[in-house]
Amino acid sequence: FSLYMRRLSPLAVLTAGCIAMMLSRGTTAFMQAGKAGMIRSGLRSATAARVPLRQWQTPAAGGSLNRNQRIAPLSSGVSNVKMVAADIFEDIKKAPIMDKFEHVKEDIIEEYGAKVILFRHKKTGAEIMSVSVPDENKVFGITFRTPPNDSTGIPHILEHSVLCGSRKYPVKEPFVELLKGSMNTFLNAFTYPDRTCYPVASQNLKDFYNLVNVYLDSVLHPALTPWTLKQEGWHYDIEDETKPLTYKGVVFNEMKGVYSSPDAIHGRTCQQALFPDNTYGVDSGGDPAVIPELTWENFEGFHKKFYHPSNSRIYFYGDDPVAARLELVESYLEEFDAKPQAKIDSVIGWQKKHNTPWAIEQFYPAGEDGTALMTVNWLINDKTLTPQEELALDVMDDLLLGTPVSPLYKKLRESGLGESVISDGLETVLQQATYSVGMKGIKDPAQIAEVEKLILETLTELSVEGFDSSSIEASLNSLEFRLREFNTGGFPRGLSYMLGALSSWLYDRDPFEPLRFEKPLADLRARLASGEPVFQDLMSKYLITNGHRVTVKSLADATLENTIREREVAELKSVRDKLTESEIKQLVQETMALKERQVAEDAPEKLALIPSLTMDDLDTQCRNIPIAVGEEKGVTVLRHDLPTNGIVYADVGLDMRVVPADLLPLIPLFCRCLTEMGTAGKDDIALSEYIRTHTGGIYTSTTTTTKYGKDNKIPDPEVVSN
């Protein structure tokens, strides 16, 4: 059993010291605490990528002295601010490769010691953002603005398809082959409602450039054919002329699974309801009922229209030479001409706000014990938010829903109207921000109106009464800590920079702005110190009086799954009935040909084209984590002197063998009680505020290991005395 705490320490600022085991706790920074532009990654808004992302442990459930956990990287891009050489800007301006590029702007992001330059490729207009930091975990990404106008899933299917072979790498799955000979720290792709991203990362320079080469060739010169669409998108599947038709396809099958999830169905409906008039009103991932409407002509045309350098945002991060980055990019862009229309066609239109709230009721397939879920959803803005507004909204969101004792979250949780709170809150990944809160596990649909009433009444009360100063200070401290720590765990820090920058860059705004937080934070503190009712005003403007509000109710329907299946069967039967015998034979031949192509092996000479590392390319130097073993008051203390940006990470481990075996199942509940139920001197709210005000977080967890017996005998449970 362990208690884990992280805290800013004046001593640590001087010594860069770290007490106890330093662990990878970065899920908060990357996934949850992305409440301030840069850290907010937006993966929640992205369609599932081709290869599942690693499942990072959340701090609330994080382990302690567990050998299997990932240790935080020794090389940090933020631990030693201003380490990058001061002459980077001047050197790159003199580089011969600058004949091909225009120097747009440069700056130093003081908050993270990053030197950033924005270039524009003279011939194509492609934009390249180069971030130089002393971080060996280098990151590359190329992103295209890809707004769909229907729910056939073209962006999602293309994300899969471009990774199925290219001009230089004509193998079936270069993506898979790369994994076999790479030391990558990240290799994936994301489809958002309005963009498609292709990021890679590696600590090995040769490996990094290998990955960049394969990805650039894949997106700019993919080997797209009608067979690609059949495999990755959809096709009629029939192996016997006497059998009925069925739909098959990688994305088709994937999205069928997504559309069987109540949460996914509800979330998509909320987004589409809030954006009835622009590209966010359709499903970029693809609706299984609509995917079969996608034709080869539209599929191929979408790639030609949007996958052009003129419509791209190219990103580099790390300690590799800036000139080498530009030379590599130029080797791929030089054969393209400018295509200004691509950037014009991909502009995301603004959704105008409505003046009157409305409601939507829908059904989702469920068993007999299915329950209802609902959310109240707002479109926050129909013009660009300032960094100050966005940061203030982030803090407001945290005050309302950030912890189990936050007032809105607590009222919903204790209402008994549902099983759990839906606390999506503020989402700023897309061009326009949204806000969403509700409950799921509502057994009686008639209580949905009570949940909505409770949400609106609580918001109205808080807009009048405001929040107490201790709650505001706790929220501000928690946010500031996350921003300064910027702990992304095993997730590449540079990828968080990229996704954060894209929240502005994608919409033709300053990509550097989301990387800064000092001034907006100082401005917010000054406004609060002057007595301005910042959060009351925000709630009133963006929630209470905001007419662009939709309440979405999702009700369980035990018969809907069969209805959907029968509709698909009837649709396929109708198609089959219209086919001639020769057309059916052709479909059978195409089905068999596709299966043969899928099982066929790539020629050895083609596989040899995929770049890979050799043993000589690997770093033979062992990385050692410094450790000092000492003792204080009879307790063993381990100290690791590491660059932690002035943050102490402390882990206290307690031996659980003092607990009788029959009580061990209660330990996880006990862990929650420690931080959520208060103490003798502080109730749950006061304890939460105290922790968030004075630390970066205190977490509890359990770690167990296996004890092996002898002679094939299971050892008896071991309990030590108190």
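This structure is a prediction, so every number in the text was calculated from the model and none was measured. Every chain is numbered independently, its residues counted from 1 as its sequence is written. Where totals are concerned, whole chains, interfaces and linings use all residues; where local detail is concerned, this predicted model gives features only for residues with pLDDT of at least 70, and gives and counts side-chain atom pairs only at 80 or more. No hydrogens and no water enter the side-chain calculation; it runs on all heavy atoms of the structure.

Asker: Explanation requested: the environment of Lys411 in the structure shown.
Answerer: Along the chain, Lys411 turns up in helix α14 (residues 407-415). The cut-offs for exposure are 20% and 50% of the maximum accessible area for each residue type, with area from a 1.4 Å probe on protein chains only; residues under the lower value are buried, those over the upper are exposed, and the others partly exposed. Accessibility expressed as a relative area gives 36% for Lys411, which makes it partly exposed. Taking the C-alpha atoms as reference points, Lys411 and Thr458, 47 residues apart in sequence, are found 8.0 Å from one another. What makes two residues a contact is simply this: any of their non-hydrogen atoms within 4.5 Å. Non-local contacts of Lys411, meaning those with residues more than four positions away in its chain, are made with Leu454, Thr458 and Glu461. Only DSSP runs of H or I with at least four residues qualify as helices, and only runs of E with at least two residues qualify as strands; both kinds are numbered from the N terminus onward.

Asker: Looking at this model, I keep getting lost on the packing of helix α4 (residues 154-161) against helix α7 (residues 226-233). Mind explaining?
Answerer: For any two helices packed against each other, one specifies the inter-axial angle together with the distance between the axes. Axes here refer to lines fitted to C-alpha atoms; in helices the fit is confined to the stretch in contact. Angles between the N-to-C directions go from 0 to 180 degrees. At a minimum axis separation of 9 Å, α4 and α7 run at an interaxial angle of 110°. By the criterion of interaxial angle, the relationship of α4 to α7 is roughly perpendicular. For the pair α4 and α7, contact is made by Ile157, His160 and Ser161 and by Thr228, Leu229, Glu232 and Gly233, respectively. For classification, angles of less than 35 degrees are called roughly parallel, those exceeding 145 degrees roughly antiparallel, those between 65 and 115 degrees roughly perpendicular, and all remaining angles oblique.

Asker: Explain the packing of aromatic side chains to me, please; I cannot follow it from the model alone.
Answerer: For any pair of aromatic rings, the description rests on two quantities: the centre-to-centre distance and the angle between the ring planes. Geometry of aromatic contacts follows a simple scheme: Phe, Tyr and Trp rings, the Trp one being its six-membered ring, pair when their centres are within 6.5 Å, and the pair is stacked under 30 degrees between planes, edge-to-face over 60, tilted otherwise. For the structure on display, the rule yields 25 aromatic pairs. Seen from their ring centres, Phe175 and Tyr215 are 6.4 Å apart, and the 25° between their planes marks the pair as stacked. Separated by 40 residues along the polypeptide, Phe175 in helix α5 (residues 174-180) and Tyr215 in helix α6 (residues 205-220) bring together distant segments of the chain. You can call Tyr215 buried: its relative accessible area is 1%. On the numbers, 6.3 Å between centres and 80° between planes, the contact of Phe208 with Phe316 is edge-to-face. With a gap of 108 residues between them, Phe208 in helix α6 and Phe316 in strand β11 (residues 312-318) connect regions that are remote in the sequence. The exposure class assigned to Phe316 is buried, which follows from its relative accessible area of 0%. Site record: aromatic cluster; members linked through ring pairs are Tyr112, Tyr317, Phe486, Tyr497 and Phe517. Criterion for a charge above a ring: Lys NZ or Arg CZ within 6 Å of the ring centre, and within 35 degrees of the ring normal. Lying over the aromatic face of Tyr192, Arg195 brings its terminal NZ or CZ to 4.5 Å of the ring centre. One residue, Lys682, lies across the ring of Tyr690, its end atom 4.6 Å from the ring centre.

Asker: What is the right way to read the nonpolar core from this model?
Answerer: Generally speaking, a soluble globular protein has its nonpolar side chains buried in company with each other. Put simply, buried Ala, Val, Leu, Ile, Met, Phe, Trp, Tyr and Cys residues joined by side-chain atoms within 4.5 Å make one nonpolar core. Residues Met129, Leu400 and Phe535 are the most contacted members of the largest nonpolar core, which totals 86 residues. Here this core gets 8 residues from one element, more than from any other, and that element is helix α13 (residues 387-401). Of all hydrophobic cores here, the second largest spans 66 residues; its members include Phe140, Val171, Leu220 and Ile584.

Asker: Sorry if this is basic, but what is going on with the environment of Ser202 here?
Answerer: The topology assignment puts Ser202 in strand β8 (residues 195-202). According to the relative accessible area criterion, Ser202 is buried, its value standing at 0%. In contact with Ser202, not counting residues within four places along its chain, are Glu136, Asn137, Lys138, Met183, Asn184, Thr185, Asp207, Phe208 and Leu211. Whenever a nitrogen or oxygen atom comes within 3.5 Å of another N or O atom, the pair is scored as a polar contact, on the condition that within protein one atom can donate a hydrogen and the other can accept it, and that pairs from neighbouring residues in sequence are kept only if both atoms are in side chains. Among the polar contacts listed, one links the side chain of Ser202 to the backbone nitrogen of Asn204, at a separation of 3.2 Å. In this structure the side chain of Ser202 is engaged in a polar contact, spanning 2.8 Å, whose partner is the side chain of Asp207.

Asker: How should the pattern of salt bridges be read in this particular structure?
Answerer: Once their charged atoms are close, side chains differing in charge can pair, the charge on each being opposite to the other. Just to be clear on terms, a salt bridge is a Lys or Arg side-chain nitrogen sitting within 4 Å of an Asp or Glu carboxyl oxygen. Within this structure, the stated rule accounts for 45 salt bridges. Note that Asp263 and Lys440 form a salt bridge whose closest N and O atoms lie 3.1 Å from each other. Residue Asp263 is found in helix α9 (residues 262-274), and its partner Lys440 is found in strand β15 (residues 434-442); the two are separated by 177 residues along the sequence. Asp263 sits in the partly exposed class, given a relative accessible area of 42%. The partly exposed category is assigned to Lys440, whose relative accessible area is 29%. Glu518 is the salt-bridge partner of Arg484, the closest N and O atoms lying 2.6 Å from each other. With Arg484 in helix α16 (residues 469-485) and Glu518 in helix α18 (residues 518-529), this pair connects stretches of sequence that are 34 residues apart. Taking the relative accessible area as the measure of exposure, Arg484 reaches 26% and is therefore partly exposed.

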